Amino acid sequence: MKNNEIVFKNEQFSSPLQAGSVSIIVPVYNTENYVIETLNSLMGEEQGRHEILVVHDGGTDNSLNLAIEWAKTVENPVAIIDQANAGLSQARMSGLSYARGDYIAFLDSDDVVTPGLYTRMARYAAEEQCELVICRSAVFDDSNSHLSDFYDDWLWNDLLQNAPSKTTSLKDSPMLLRLEPNANTRVMSRAFMVAEGICFEQGLIFEDLPPHTHEIAAARRIGLLNETGYHYRINRPGKITQERSQRRFHIFKSVELAIQYGKQYSIDNEAGAALVSLMTRMIIWCGENVLLPQRQEFFTQACELYATIPEDWFATYHRVFSENPWEIRQSLFLKNNDRLALVKDTLAVHEKEDEASSEAQSSLLASGDARPVIHPKRLVGAAKRRLGNLMNKMSNISGS
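All of these numbers come straight from a predicted model, not from anything done at the bench. (Residues numbered from 1 in each chain as written. Predicted model: local features only at pLDDT ≥ 70, side-chain atom pairs only at ≥ 80, totals over all residues. Heavy atoms only, no water.)

1. Topic: helix α3 (residues 88-98)
Because the α-helix completes a turn every 3.6 residues, residues three or four places apart line up on one side.
Phase 1 of the analysis: Among all positions of α3, only Ser-89, Ala-91, Arg-92, Ser-94, Gly-95 and Leu-96 are buried.
Phase 2 of the analysis: The inward-facing, buried residues of α3 contact β1 (4-9), β2 (22-28), β3 (50-57), β4 (78-83), β5 (103-106) and α6 (190-196). (Buried < 20%, exposed > 50% of the residue type's maximum accessible area, 1.4 Å probe, protein only. Helix = DSSP H or I, 4+ residues; strand = E, 2+ residues; numbered from the N terminus. Contact = heavy atoms within 4.5 Å.)

2. Side note on helix α2 (residues 63-73)
Phase 1 of the analysis: Within the span of α2, buried status applies to Ser-63, Leu-64, Ala-67, Ile-68, Trp-70 and Ala-71. In a view along the axis of α2, the buried residues occupy a sector of 160°, so they form one face of it.
Phase 2 of the analysis: Buried-residue contacts for α2 involve β1, β2, α1 (35-40), β3 and β4. (Arc of directions from axis to C-beta.)

3. Focus on the environment of Ile-222
Phase 1 of the analysis: Note that Ile-222 resides in strand β11 (residues 222-234).
Phase 2 of the analysis: Linking Ile-222 and Leu-170, residues 52 residues apart in sequence, is a C-alpha distance of 8.1 Å.
Phase 3 of the analysis: Each residue touching Ile-222, except ones within four places of it in the same chain, is listed here: Cys-130, Leu-132, Ile-134, Lys-166, Thr-167, Thr-168, Ser-169, Leu-170, Leu-176 and Ile-216.

4. A word on the packing of helix α9 (residues 269-287) against helix α10 (residues 295-306)
Phase 1 of the analysis: The geometry of α9 relative to α10 is characterised by a closest axis approach of 10 Å and an angle of 165° between their N-to-C directions. With respect to each other, α9 and α10 are oriented roughly antiparallel. Handedness of the crossing formed by α9 with α10: right-handed. Residues Val-276, Met-279, Thr-280, Ile-283, Cys-286 and Gly-287 of α9 pack against Arg-295, Phe-298, Phe-299, Ala-302 and Tyr-306 of α10.
Phase 2 of the analysis: Class assignment for the residues of the contact of α9 with α10 results in eight nonpolar, two polar and one charged. (Axes fitted to C-alpha atoms, helices over the stretch in contact; angles between N-to-C directions. Parallel < 35°, antiparallel > 145°, perpendicular 65-115°, else oblique. Left-handed = near helix turned anticlockwise from the far one by under 90°. Nonpolar A, V, L, I, M, F, W, Y, C, P; charged D, E, K, R; others polar.)

5. Observations regarding the side chain of Ser-63
Phase 1 of the analysis: Within the secondary structure layout, Ser-63 lies in helix α2.
Phase 2 of the analysis: A residue is classified by how much of its surface remains accessible, and Ser-63, at 0% relative accessible area, is buried.
Phase 3 of the analysis: A distance of 3.1 Å separates the side chain of Ser-63 from the backbone nitrogen of Glu-32, its partner in a polar contact.
Phase 4 of the analysis: Filtering out sequence-adjacent residues up to four positions away, Ser-63 remains in contact with Val-28, Asn-30, Thr-31, Glu-32 and His-56. (Polar contact = N/O pair within 3.5 Å; in protein donor to acceptor, adjacent residues only side chain to side chain.)

6. What to know about unusual backbone geometry
Phase 1 of the analysis: If you check the backbone angles, Asn-30 has positive phi at about 50° while not being a glycine.
Phase 2 of the analysis: The phi dihedral of Ser-266 is positive, around 50°, even though this residue is not glycine.
Phase 3 of the analysis: Its location among the elements puts Ser-266 in the loop between α8 (251-264) and α9.
Phase 4 of the analysis: We classify Ser-266 as exposed; its relative accessible area is 62%.

7. What to know about the environment of Ser-109
Phase 1 of the analysis: Along the chain, the position of Ser-109 falls in the loop between β5 and β6 (112-113).
Phase 2 of the analysis: A C-alpha to C-alpha distance of 9.7 Å links Ser-109 and Ser-63, two positions 46 residues apart in sequence.
Phase 3 of the analysis: Not counting chain neighbours up to four residues away, the residues in contact with Ser-109 comprise Val-26, Pro-27, Val-28, Tyr-29, Thr-31, Tyr-34, Val-35 and Thr-38.
Phase 4 of the analysis: Reaching out from Ser-109, the side chain makes a polar contact with the backbone oxygen of Pro-27 at a distance of 3.2 Å.

8. Looking at the packing of aromatic side chains
Phase 1 of the analysis: Using the criterion set out here, one finds eight aromatic pairs in the structure.
Phase 2 of the analysis: Consider the rings of Phe-150 and Tyr-232, whose centres lie 5.8 Å apart with planes at 85°: the pair is edge-to-face. With a gap of 82 residues between them, Phe-150 in the loop between β8 (146-149) and α5 (153-160) and Tyr-232 in strand β11 connect regions that are remote in the sequence. Like Phe-150, the residue Tyr-232 is buried in the burial classification.
Phase 3 of the analysis: Plain terms: the ring middles of Phe-252 and Phe-298 are 4.7 Å apart, the flat faces sit at 40° to each other, and that makes the pair tilted. Placement of the pair is Phe-252 in helix α8 and Phe-298 in helix α10, with a sequence separation of 46 residues.
Phase 4 of the analysis: Judged by its relative accessible area of 8%, Phe-252 is buried.
Phase 5 of the analysis: Here Phe-298 falls in the buried class, since its relative accessible area comes to 0%.
Phase 6 of the analysis: Counting every residue linked through ring pairs, the aromatic cluster contains Phe-150, Tyr-151 and Tyr-232. (Phe/Tyr/Trp six-rings, centres within 6.5 Å; stacked < 30°, edge-to-face > 60°.)

9. Looking at the nonpolar core
General note: in soluble globular proteins, nonpolar side chains tend to be found buried as a group.
Phase 1 of the analysis: Core analysis: the largest hydrophobic core is formed by 67 residues, its most contacted members being Leu-224, Ile-251, Met-279 and Phe-298.
Phase 2 of the analysis: With 10 residues, α9 is the single largest residue contributor to this core.
Phase 3 of the analysis: With sequence-adjacent residues up to four places away left out, Leu-224 is seen in contact with Ile-134, Trp-156, Leu-159, Leu-160, Pro-164, Ser-165, Lys-166, Thr-168, Leu-176 and Leu-179.
Phase 4 of the analysis: Counting 37 residues, the second-largest nonpolar core is a separate cluster that includes Tyr-103, Cys-130, Val-133 and Ile-234. (Core = buried A, V, L, I, M, F, W, Y, C linked by side-chain atoms within 4.5 Å.)

10. As for the packing of α9 against helix α11 (residues 311-320)
Phase 1 of the analysis: Where α9 contacts α11, the axes come no closer than 8 Å and their chain directions differ by 80°. In terms of their interaxial angle, α9 and α11 are classed as roughly perpendicular. Each of Asn-269, Glu-270, Gly-272, Ala-273, Leu-275, Val-276, Ser-277 and Thr-280 in α9 lies in contact with α11, whose residues at this interface are Asp-312, Trp-313, Phe-314, Thr-316, Tyr-317, Arg-319 and Val-320.
Phase 2 of the analysis: For the contact of α9 with α11, a count of residues per class yields seven nonpolar, five polar and three charged.

11. Concerning the pattern of salt bridges
Phase 1 of the analysis: In the structure shown here, the tally under the stated rule is 16 salt bridges.
Phase 2 of the analysis: When the shortest N-O distance is used, the salt bridge between Arg-221 and Glu-128 registers 3.4 Å. With Arg-221 in the loop between α7 (209-218) and β11 and Glu-128 in helix α4 (residues 117-128), this residue pair connects regions lying 93 residues apart in the sequence.
Phase 3 of the analysis: Given the relative accessible area of 30%, Arg-221 is considered partly exposed.
Phase 4 of the analysis: Of the charged contacts in the structure, one is a salt bridge between Glu-270 and Arg-319, with a shortest N-O distance of 2.5 Å. Pair noted here: Glu-270 is in helix α9 and Arg-319 is in helix α11, with a separation of 49 residues, a long-range link.
Phase 5 of the analysis: Looking at Arg-319, the relative accessible area reads 48%, which means it is partly exposed. (Salt bridge = Lys/Arg side-chain N within 4 Å of Asp/Glu carboxyl O.)

Interpretation note: all reported values are geometric properties and have no functional meaning in isolation.
Put into structure tokens, the structure is as follows:
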């Protein structure tokens, strides 16, 4: 087998695509229990305006055969690409090399979308002349089938103000960089991707952060659809983002590239502050999943990396997130490399905030509303508590 090649395409794939069509790339790796549900969610895409490129990334289960049999039975134009295992980034890029559509979308093979999502997004992009269109997401818990708001739901509410859609740019909406960096919630102009050299870095585990920064910084017009179109599955066996291993150190390369793109496109300080907030949250999340003996080294590298962030981004971050003392202390923690002293101070703040949050939560539970209390300009309380636990353990290691 070549590095990648089409091993099956159905009859519909031979039909030409209309102008403004979207190529939907579905990387598949050992997801035989989910892949058909994922592919079935694409059956509502508009005929003549889409194609589906399934990239089998050298998995060892029955996913490839299932995808081929599915392609034989549907009216959607489908091609199946097979390649030796090279990782999610390379699988996406392999699909891109075969894409014919004017727009590109990605869909992970354990998630689902609402019917017709990507063709609607492509149509909006064409009508509004957007290089990039993004939709809202929801989180689907595979362990209990519970559906909840995605992690950036508060920001979507702030950006859209109940409007059905919005066309904007990073200059007008600098908080765009604080959106969750999920490649699957987007439709992007293929010509724009090629012209700007937007790609997924091969070998990275947390590969969505660099292109997230790159595409938002480079795009002149960005569309936001007030539609919860993407359902992101969590708590399934084998999911990479739930892995606890040294591969969490990959986040540093992703952050380094994101900082480079921010500098390359001379993003303003408001956008830089939003990016600092996003990168901080991602590093904390990865740090909690690094094995305990490696955590001190992990956070040492984090502080070294943050020394490369422009001072003006930090100053604005300090101002924009001033409503949350935890955000302020985190910026100082990363900037000054004063880890342990800051953790003690942060934990003291947590106790006060947890007390207030507990009271508010009890009130909501009494009224029958079980949704968590989340301040719109700070990280969720669970993330803060996890950071406190992490750094407390680091303190114990250092003192032993």
